[in-house]
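# An overview of the molecular structure
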Amino acid sequence: MLYRDFGKTNEKVSVLGFGCMRLPVIGNDPRDIDEEKAINMIRYAIDNGVNFIDTAYPYHGLSLDQGGASEPFLAKALKDGYREKVKIATKLPSWAIETREDMDRYLNEQLKRLETDCIDFYMVHGINKTYWENLKELGFEEFLDEAIVDGKIKHAGFSFHHRLDFFKEVVDHYDWSFCLIQYNYLDEDYQAGKEGLKYAYKKGLGVAVMEPLRGGQLAENIPKRAQDALDQADVERSPAEWALRWVWNHPEVSVVLSGMNTLDQLKENLKIAEEAQPNSLTDTELESIDQAKSVFEEKLKINCTGCGYCLPCPSGVNIPENFAKYNDYFLFGGPETKEEYQFHYMALIMENERASACIECGACEKHCPQDIPIIQEMKKVKELYE
């Protein structure tokens, strides 16, 4: 395993981090984590050098406002001496904070859920304009300062899904130690993007990257023309390896979080990480990735990564699955296969979960980290499939 400096934290972190948002589950309930498989994966990762484990208060839950199963599960996975081998990252649910006391209450609850005395990397989760003004008014800066002094957290940071100008405002507002941003070869100029990455790095922040494979879209069943572009390179790599190597090619990136849900995915990523040196891709290789990127940009219709922050929908619509099926049609199908895609949509998505069940309440849109106009896009899904 390779390690990189993590900004002003003065910590060394593994280039590959383990994201605990998409762990294997039993059935369809996200709370029902397949503990045997997931513990085996996490310990295998740690045994092979991974020392950065990321989770959050709502992960593997039914809503953003309730504690999910990820944090308590991680406490189990890190028993038997594994806690001492890793650095835990988790997040304050910024959308749920109504008082200054709420911040302390959530942190204390998370310490208990994780069964630890100190959280190594503690983030303000998914900052956007609305949450930001509220957090400043309630004094989040004092909260973080006190939590560090009290030894409850070691380093303070934030995760981000918003525009570049706002990202810079957040970076400059407080003495953060690190940040977590979405970054991959499709999102080079999206949200914080490359400019934000370099801005945070120059300010001394450690930079962790989420969604390097864009919710799996850059790893599985990519468009043929995109695959052809990658195959033109002198070296043969899987789509996942191309995407991960592209992110690791940036010296400003310290750790890449991957939400692996099978042991095979983990083993593949560990192998790729062995060669994750910065500035190691040739100009020809980068050109192949740029060509593949252009194919995706032509075809991708809805910028959804499947994070699930929009759930649960009050009327039961499975928003990420609807958008995934919509994108699949434009990425891999076409008019000649429309009837086939319609059949699969109707067969695989229950009636109450389809786009036509949307009541346009807007509850989902305020939680979407991609700022997708969900109501408008859901109408397009309905038009295509129903």
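Here the structure is shown first, and the text comes after it.
As the structure is a prediction and not an experimental result, all values here were calculated from the model.

### Points about the pattern of salt bridges
One pass over the structure, following the stated rule, counts 33 salt bridges. One salt bridge connects Asp 5 with Lys 12, and the closest N-O pair in it is separated by 2.8 Å. Through salt bridges with shared partners, a single ionic network connects Arg 100, Asp 104, Glu 142 and Glu 146.

### Topic: the sheet that holds strand β9 (residues 206-210)
As a general point, the strands of a sheet are linked pairwise by backbone hydrogen bonds and lie either parallel or antiparallel. One closed barrel accounts for 8 strands, arranged β3-β4-β5-β6-β7-β8-β9-β10; its pairing is parallel. Averaged over neighbouring strand pairs, the angle between their axes works out to 30° when direction is ignored. Its contacts with the sheet put helix α5 (residues 140-149) on β5 (87-92), β6 (119-127) and β7 (153-160), and the angle it makes with β7 is roughly 145°.

### Details of helix α8 (residues 224-231)
Within α8, burial applies to Ala 226, Ala 229 and Leu 230. Projected down its long axis, α8 shows its buried positions confined to an angular sector of 95°, all on one face. Contacts made by the buried residues of α8 are with α9 (239-248) and α11 (283-299).

### Digging into the nonpolar core
Ranked by internal contacts, the top residues of the largest apolar core, which has 99 residues, are Phe 18, Leu 144, Phe 158 and Trp 176. Core analysis: the next-biggest nonpolar cluster, separate from the first, contains 22 residues, Cys 313, Phe 323, Tyr 326 and Tyr 341 among them.

### Observations concerning the pairing of β6
Of all 9 residues in β6, 9 are buried, a share of seventy percent or more. The sheet contact formed by β5 and β6 spans 4 bridges and is parallel. For Lys 91, the partnering residue across the bridge sits in β6 and is Met 123. Regarding the hand of the β-α-β motif, the stretch spanning β5, helix α3 (residues 100-114) and β6 is right-handed. Summarising the sheet, β6 and β7 pair through 6 bridges and their orientation is parallel. Among the inter-strand pairings, Met 123 is bridged to a residue of β7, identified as Gly 157.

### Concerning the packing of aromatic side chains
In the structure shown here, the tally under the stated rule is 25 aromatic pairs. A ring pair is formed by Phe 121 and Phe 178, whose centres lie 5.3 Å apart and whose planes are at 70°; its orientation type is edge-to-face. With Phe 121 in strand β6 and Phe 178 in strand β8 (residues 178-182), this pair connects stretches of sequence that are 57 residues apart. A network of ring pairs unites the aromatic residues Trp 132, Phe 140, Phe 158, Phe 160, Phe 166, Phe 167, Tyr 174 and Trp 176 as a single cluster. Here Lys 85 stacks its cationic end above the ring of Tyr 82, 4.6 Å away from the centre of that ring. Stacked on the ring of Trp 242, the Lys or Arg Arg 237 has its end atom at 4.7 Å from the ring centre.

### Things to note about the environment of Val 256
On the secondary structure map, Val 256 appears in strand β10 (residues 255-258). Along the sequence, Val 256 and Leu 244 sit 12 residues apart, while their C-alpha atoms lie 8.1 Å from each other. Setting aside residues no more than four positions away along its own chain, Val 256 makes contact with Val 15, Leu 16, Gly 17, Val 209, Pro 212, Leu 244, Val 247 and Trp 248.

### Comments concerning helix α10 (residues 263-273)
Within the sequence span of α10, burial applies to Leu 266, Asn 269, Leu 270, Ile 272 and Ala 273. When α10 is viewed along its axis, its buried side chains cluster within an angular range of 160° and face the same direction. Exposed and oriented more than 90 degrees from the buried face of α10 are Asp 264 and Lys 271. Contacts from the buried residues of α10 go to β3 (16-19), α1 (35-47), α9 and β10.

### Some details on the layout of surface pockets
Where empty space is left becomes clear once a probe the size of a water molecule has been rolled over the atoms. The space that makes up the second largest pocket amounts to roughly 290 Å³. Around the second largest pocket, the lining comprises 18 residues; the ones closest to its centre are Gly 126, Asn 128, Tyr 131, Lys 366 and His 367. Residues belonging to the lining of the second largest pocket are distributed by class as follows: 7 nonpolar, 7 polar and 4 charged.

### Looking at the packing of α9 against α10
Relative to each other, α9 and α10 sit at 45°, their axes nearing to 10 Å. Classified by the interaxial angle, the pair formed by α9 and α10 is oblique. The hand of the α9/α10 crossing is right-handed. In this structure, α9 uses Ala 240, Glu 241, Leu 244, Arg 245 and Trp 248 to contact α10, whose residues at the interface are Glu 268, Asn 269, Ile 272 and Ala 273. Residue classes in the contact of α9 with α10 are distributed as 5 nonpolar, 1 polar and 3 charged.

### Thoughts on the packing of helix α4 (residues 129-138) against helix α6 (residues 164-173)
Contact geometry of α4 with α6 gives a least axis separation of 12 Å together with a crossing angle of 20°. By the angle between their directions, the pair α4 and α6 is classed as roughly parallel. Seen from above, α4 lies across α6 with left-handed handedness. When α4 is examined against α6, the residues Lys 129, Trp 132 and Lys 136 are found in contact with a partner set consisting of Phe 166, Glu 169, Val 170 and His 173. Of the residues that constitute the contact of α4 with α6, the class distribution is 3 nonpolar, 1 polar and 3 charged.

### Quick look at the pairing of β8
Along any regular strand the residues' side chains alternate between the sheet's two faces. When you tally the buried positions in β8, you get 5 out of 5 residues, the bulk of the element. Neither face of β8 is open: one carries Phe 178, Leu 180 and Gln 182, the other Cys 179 and Ile 181, and all of them are buried. With 4 bridges connecting them, β7 and β8 associate as parallel partners. Its bridge partner being in β8, Gly 157 is matched across the sheet by Phe 178. For the segment spanning β7, α6 and β8, crossover handedness is right-handed. Direction of pairing for β8 relative to β9: parallel, over a ladder of 5 bridges. Bridge assignment links Leu 180 to a residue of β9, and that residue is Ala 208. In this view, the connection linking β8 to its parallel neighbour β9 by way of helix α7 (residues 193-202) has right-handed handedness.

Quick notes on the rules
- Residues numbered from 1 in each chain as written.
- Predicted model: local features only at pLDDT ≥ 70, side-chain atom pairs only at ≥ 80, totals over all residues.
- Heavy atoms only, no water.
- Salt bridge = Lys/Arg side-chain N within 4 Å of Asp/Glu carboxyl O.
- Pairing = 2+ DSSP bridges.
- Helix = DSSP H or I, 4+ residues; strand = E, 2+ residues; numbered from the N terminus.
- Axes fitted to C-alpha atoms, helices over the stretch in contact; angles between N-to-C directions.
- Contact = heavy atoms within 4.5 Å.
- Buried < 20%, exposed > 50% of the residue type's maximum accessible area, 1.4 Å probe, protein only.
- Arc of directions from axis to C-beta.
- Core = buried A, V, L, I, M, F, W, Y, C linked by side-chain atoms within 4.5 Å.
- Right-handed = clockwise from strand over helix to strand, strands pointing away.
- Phe/Tyr/Trp six-rings, centres within 6.5 Å; stacked < 30°, edge-to-face > 60°.
- Lys NZ or Arg CZ within 6 Å of the ring centre and 35° of its normal.
- 1 Å grid on protein atoms, 1.4 Å probe; cavity = no way out; pocket = protein on both sides within 12 Å on 5 of 7 lines; lining within 4 Å.
- Points joined across faces, edges and corners; volume = space filled by probe spheres on them.
- Nonpolar A, V, L, I, M, F, W, Y, C, P; charged D, E, K, R; others polar.
- Parallel < 35°, antiparallel > 145°, perpendicular 65-115°, else oblique.
- Left-handed = near helix turned anticlockwise from the far one by under 90°.

Coordinates in, geometry out; function isn't part of it.
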